[in-house]
Amino acid sequence: MIKAYIFNKAIYTAIALCLLLSGHAKGSFVPLLPNDSSEISSIEKAVAFVDSIQDLAPSVFWPNVRPALFLENLKTNIYQPHSPYQGRGTNFCGYGALTYLFIQKDPLGYAQLLLKLFQEGEATYGATFFKPSTPIKSAAGKLSFKGVLDIRPAEQMWYLCLADHYKGYLNVLNRRYDPGDEDRMWASVNYAKFNRMVKKLLNYQSKAKGADLLHPLVGDLFLYISEHLKTGSVVLYINNRLVHKKNNARVKPGFPTHYIVLKEIIKKGNKITLVYWDYGGTTLIELTPALLKKITFGVAHYTKN
Amino acid sequence: MNGKFLTAMLSIFCIAVLSSSCRTAKDYSTHYYFKHELVLNSIEKSYSGIIKKTPFNIAFNNKAFTILTLEIKTDSITYRYEFDATEQRLTDTLIKYHLDTANIKQLIAAMQSIRCIWINNLDYYVDDKKKSLVFISIKTSASRSLFGYKKYYILTYFPQPQYFDEHGRLMLRRKRKEIHKINGGIFKRINDKICYTISEQYR
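Residues numbered from 1 in each chain as written. Chains lettered and ligands numbered in written order. Predicted model: local features only at pLDDT ≥ 70, side-chain atom pairs only at ≥ 80, totals over all residues.

It is worth spelling out the overall build of chain B at this point. Within chain B one finds five helices and 12 strands. Looking at chain B as a whole, 27% of its 203 residues qualify as buried. (Helix = DSSP H or I, 4+ residues; strand = E, 2+ residues; numbered from the N terminus. Buried ≥ 20, exposed ≤ 12 C-beta atoms within 10 Å, placed from the backbone.)

Spelled out as structure tokens, the structure:
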């Protein structure tokens, strides 16, 4: 018991040191990718596409992904673009936020990419070529005890592919997937990696403020966020343990743990209301300006090319 | 001599600490449930009844069990508000969302009386079928133990009888090949529909 306690503390300390030593994701405009071929599509085209898929044959590449369930999942994501659910207890929140932005930007491209991945075991989107490793192909469709993600094999396949493809410094010690790694450092997403994924996959113009251990230096945080929300998508990198507690520990981790896609921010007196997307739905919370400042480590602003 | 004495004292201290943290886990097994059976069952029954109309969950955020977070789930949005349990704003919000104000206030009082820190309705899936359970977390006195990092006594209430293996562990299916984990925890049998575990996290 004591050993486990000390081991946990050592792991947390090591992670904190890694975060402290990494200084990146500083605010900067990033040039557009020159070889991007993705097109912004409409939800109607995506609906027509998924509706046109009739009998889907089992894929030799994804032995545990059942075609009927895969298709149902794909249709759910297109008909209800807010529905992607990253799973209970996983480290997929960064991939979930990316997927939400992806479906907003190019639902047809998302559906085509996932279908090709399923049927051919590899696929290209824009300049990104996905060739998932063998352990990923075996794991997709088998994740369990994750809430509704259990019955969403297309999303399981997609999140596992993203975690397999994109690597950041948090993934250095665990680069190869083993069962259960979706809950561990293998799947974690540091701030720079998240911004890199959005820029490379979605070809968005990006402006990222903040870092893994440093709060963004933007003056009035509410003003900064609300101004940027008017001109594009805003993703906040927050310490969710302060607003969504899981225990009564006296010492809370002082680093961010969660990505949310902001939909609305309103200030009334000394209360700030945040409306955001995460976990397959929209949530509204009220915070004081001080708490907003305390929980926010990253404000990433994305605009379409 | 001094060295031996110090070693002996240190050993006694370690044994005392270990035994105290182990005792805590034992105390919060089935005994806790049977000691508070009536209150626990009434909390579950009341909560299960109220959420049929509008799903919500309640979590307490401070040691004194006076500040709570109320999460109300509607079709389009989840509202998460923080209140003092006695403030008028709580009542106004319950009325605004057409929740059963009187019963929810009673539920809050019952939760406070047994240090119930969180109550929620959780969905889970077996053979692609959606099922649900009521998840009740209780803050134990283990938090006073120096190394007692497992602090929460968790109870799960299922609407139908469950499967268990020979060690009393909750299993997923009739064949009893796979342990049914809930929030990463392994649960043990209290009766056919109620299980418990001790956890580091209350949700």
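What follows deals with the nonpolar core. In this structure, A:Met157 and A:Leu262 are the most contacted members of the largest nonpolar core, which totals 76 residues. Residue contacts for A:Leu262: discarding those within four places in its chain leaves A:Ile225, A:Leu229, A:Val234, A:Val235, A:Leu236, A:Leu274 and A:Tyr276. By size, the runner-up hydrophobic cluster in this structure holds 38 residues, among which are B:Leu68, B:Cys116, B:Val134 and B:Ile138. (Core = buried A, V, L, I, M, F, W, Y, C linked by C-beta atoms within 7 Å. Contact = placed C-beta atoms within 7 Å.)

Further remarks concern helix α7 (residues 153-165) of chain A. Residues and elements named next belong to chain A. Taking 1.5 Å as the rise per residue, α7 with 13 residues should run 18 Å; its terminal C-alpha atoms sit 18 Å apart, in good agreement. Summarising burial for α7: 12 of the 13 residues are buried, a large majority. Burial in α7 covers these residues: Pro153, Ala154, Glu155, Gln156, Met157, Trp158, Tyr159, Leu160, Cys161, Leu162, Ala163 and Asp164. Residues of α7 that are buried make contact with α3 (67-79), α4 (93-105), α5 (107-120), β2 (128-130) and α6 (134-139). (Expected span 1.5 Å × (residues − 1).)

Attention shifts here to α5(A). Residues and elements named next belong to chain A. In this model, α5 (14 residues) spans 20 Å end to end at C-alpha, consistent with the 20 Å of a helix rising 1.5 Å per residue. Those residues of α5 that sit buried are Pro107, Leu108, Gly109, Tyr110, Ala111, Leu113, Leu114, Leu117 and Phe118. On its buried face, α5 sits against α2 (43-52), α3, α4, β1 (123-125), β2 and α7. Once α5 finishes, Gly121 follows within two positions and takes phi at roughly 80°, a positive value.

On to the packing of α2(A) against α5(A), then. Residues and elements named next belong to chain A. Where α2 meets α5, the axes come as close as 7 Å, and the angle between the chain directions of the two elements is 25°. Between α2 and α5, the interaxial angle falls into the category roughly parallel. Between α2 and α5, the contacting residues are Ile43, Lys45, Ala46, Phe49 and Val50 on the first element and Pro107, Leu108, Ala111 and Gln112 on the second. Looking at the contact of α2 with α5, its residues break down into seven nonpolar, one polar and one charged. (Axes fitted to C-alpha atoms, helices over the stretch in contact; angles between N-to-C directions. Parallel < 35°, antiparallel > 145°, perpendicular 65-115°, else oblique. Nonpolar A, V, L, I, M, F, W, Y, C, P; charged D, E, K, R; others polar.)

With respect to the element layout, A:Val198 can be found in helix α8 (residues 191-202). When neighbours within four sequence positions are excluded, A:Val198 is seen to be in contact with A:Leu98, A:Leu101, A:Tyr204, A:Ser206 and A:Tyr302.

Every contact between the two is made by 23 residues of chain B and, on the other side, 19 residues of chain A. Elements that contribute at least two residues to the side of chain B that touches chain A include exactly β3 (77-84) and β4 (116-126) of chain B. Looking at which element gives the most residues to the side of chain B that touches chain A, the answer is β3(B), with five residues. Looking at side-chain class alone, the side of chain B that touches chain A contains seven nonpolar, eight polar and eight charged residues. Two elements, strand β7 (residues 281-287) of chain A and β3(B), share four bridges in a ladder whose sense is parallel. What sits directly across from A:Thr282, in β3(B), is B:Ile77. (Pairing = 2+ DSSP bridges.)

Another point: unusual backbone geometry. Residues and elements named next belong to chain B. One non-glycine residue, His98, lies in positive phi territory at about 55°. Tracing the chain through its elements places His98 in the loop between α4 (88-96) and α5 (101-113). The phi dihedral of Asn183 is positive, around 50°, even though this residue is not glycine. Tracing the backbone shows Asn183 in the loop between β9 (181-182) and β10 (185-186).

What follows covers the confidence of the model for chain B. Where the model shows low pLDDT, its predicted coordinates should not be examined in detail. Residue and element names in this part refer to chain B. The pLDDT averaged across chain B works out to 87; a share of 82% of its residues lies at or above 70. At the level of individual helices and strands, chain B shows its lowest average pLDDT in helix α1 (residues 2-27), which scores 56, and its highest in strand β1 (residues 56-60), which scores 97. Across residues 16-23 the pLDDT falls below 50, and counting only partners more than four positions away or on other chains, this stretch makes seven contacts in the model. For this predicted complex, the interface confidence comes out at an ipTM of 0.84, alongside a pTM of 0.86. (pLDDT = per-residue confidence, 0-100.)

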